[in-house]
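Architecture at a glance
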Amino acid sequence: MFIQTEATPNPATLKFLPGRAVLGEADAIEFRDQTESEGSPLAARLFDIDGVTGVFLGSDFISVTKGDGEWQHMKPAILGAIMEHYLSGEAMTEGDPAQYDGVNESYAPEDEETVKTIKELLDTRVRPAVAQDGGDITFQGYRDGVVYLHMRGACAGCPSSTATLRHGIENLLRHFIPEVQEVRPT
């Protein structure tokens, strides 16, 4: 098994490409600490490695975020844990992947059409691009012209995330939806 590694715009996060499906069609899942990883044998294995502070499972990639520690020391252990997981034949997650979602969307019923357009733009133009960088951005809410988005994986804590929100996503949404005035992270 050959696992590729890619840098992300977030220096604290590396993207691992096992060359096989990770979650497939299921939505991405983020684990921010050891206690959240109970339902994922792979995430639990990765959190057993000193310095791992976050695990993000995408359709065909795994993003790992570190705290203290150097990638040159951590990377071999992470590659070993991923390979060991695939060889074990265990599932990526136990139960329904939706249980890890934690999405509580908030918007007024009269804004449903606007929200539908926002979600469509996020799904077709934004999420595929940020997945290339090892992360994800999900819709959280819309109120008074403000779109609230949740950044996950490599996007969370990324130094360029503010620029991505302001100059990229906000401009895109404002272009297609004049009612949108601002985009904020949650």
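1. A closer look at the pairing of strand 5 (residues 62-66)
With 5 of 5 residues buried, strand 5 lies mostly within the body of the structure. Burial along strand 5 is two-sided: the face carrying Ile62, Val64 and Lys66 and the face carrying Ser63 and Thr65 are both buried. One ladder, built from 4 bridges, connects strand 2 (residues 13-17) with strand 5; its direction is antiparallel. Note on strand 5: the bridge partner recorded for lysine 15 is serine 63. Relative to strand 5, strand 4 (residues 52-57) is paired through 5 bridges, and the arrangement is antiparallel. Across the sheet, the residue bridging to glycine 54 is threonine 65, located in strand 5.

2. Some words on the pattern of salt bridges
Applying the stated rule across the entire model yields 9 salt bridges. Of the charged contacts in the structure, one is a salt bridge between arginine 45 and glutamate 90, with a shortest N-O distance of 3.0 Å. Here arginine 45 is found in helix 1 (residues 41-47), whereas its partner glutamate 90 is found in the loop between helix 2 (71-88) and strand 6 (106-107), with 45 residues between them in sequence. With its nearest N and O atoms 3.1 Å apart, the salt bridge here joins aspartate 123 to arginine 127. Remark: arginine 127 and aspartate 123 occur in helix 3 (residues 112-132); sequence separation between them is 4 residues, near one turn of the helix. We classify arginine 127 as buried; its relative accessible area is 19%.

3. With respect to the sheet that holds strand 1 (residues 4-7)
Pairing between the strands of a sheet is mediated by backbone hydrogen bonds and can be parallel or antiparallel. The strand order 1-2-5-4-3 describes an open sheet built from 5 strands, whose pairing is antiparallel. The sheet terminates laterally at strand 1 and strand 3 (29-31), the two strands that pair on one side only. Between one strand axis and the next, the sheet turns through 20° on average, direction left out of account. The sheet strands contacting helix 2 are strand 1, strand 2, strand 4 and strand 5, and the helix crosses strand 2 at an angle near 35°.

4. Let's talk about the packing of aromatic side chains
Within the structure shown, the criterion is met by 2 aromatic pairs. One Lys or Arg, lysine 15, reaches over the ring of phenylalanine 61 and ends 4.8 Å from the middle of that ring.

5. What about the sheet that holds strand 8 (residues 146-153)?
The sheet built from 4 strands is open, its strands ordered 6-7-8-9 with mixed pairing. The outermost strands of the open sheet, each flanked by one partner alone, are strand 6 and strand 9 (182-185). Here strand 7 (residues 135-143) runs beside strand 8; their pairing, made up of 8 bridges, is antiparallel. Paired with tyrosine 142 across the two strands is valine 147, which belongs to strand 8. Across the face of the sheet, helix 3 comes into contact with strand 6, strand 7 and strand 8 while running at roughly 165° to strand 7.

6. What about helix 4 (residues 161-176)?
Over its 16 residues, helix 4 extends 21 Å from the first C-alpha to the last, a length consistent with the 22 Å expected when each residue adds 1.5 Å. Along its length, helix 4 shows its largest kink, about 30°, at glutamate 170. Among all positions in helix 4, only Ser161, Leu165, Ile169, Glu170, Leu172 and Leu173 are buried. On the buried face of helix 4, the contacting elements are helix 3, strand 7, strand 8 and strand 9.

Here is what the cut-offs are and how they apply
- Residues numbered from 1 in each chain as written.
- Predicted model: local features only at pLDDT ≥ 70, side-chain atom pairs only at ≥ 80, totals over all residues.
- Heavy atoms only, no water.
- Buried < 20%, exposed > 50% of the residue type's maximum accessible area, 1.4 Å probe, protein only.
- Helix = DSSP H or I, 4+ residues; strand = E, 2+ residues; numbered from the N terminus.
- Pairing = 2+ DSSP bridges.
- Salt bridge = Lys/Arg side-chain N within 4 Å of Asp/Glu carboxyl O.
- Axes fitted to C-alpha atoms, helices over the stretch in contact; angles between N-to-C directions.
- Contact = heavy atoms within 4.5 Å.
- Phe/Tyr/Trp six-rings, centres within 6.5 Å; stacked < 30°, edge-to-face > 60°.
- Lys NZ or Arg CZ within 6 Å of the ring centre and 35° of its normal.
- Expected span 1.5 Å × (residues − 1).
- Bend = angle between axes of the 7 residues up to and from the residue.

Structural measurements only, silent on function.
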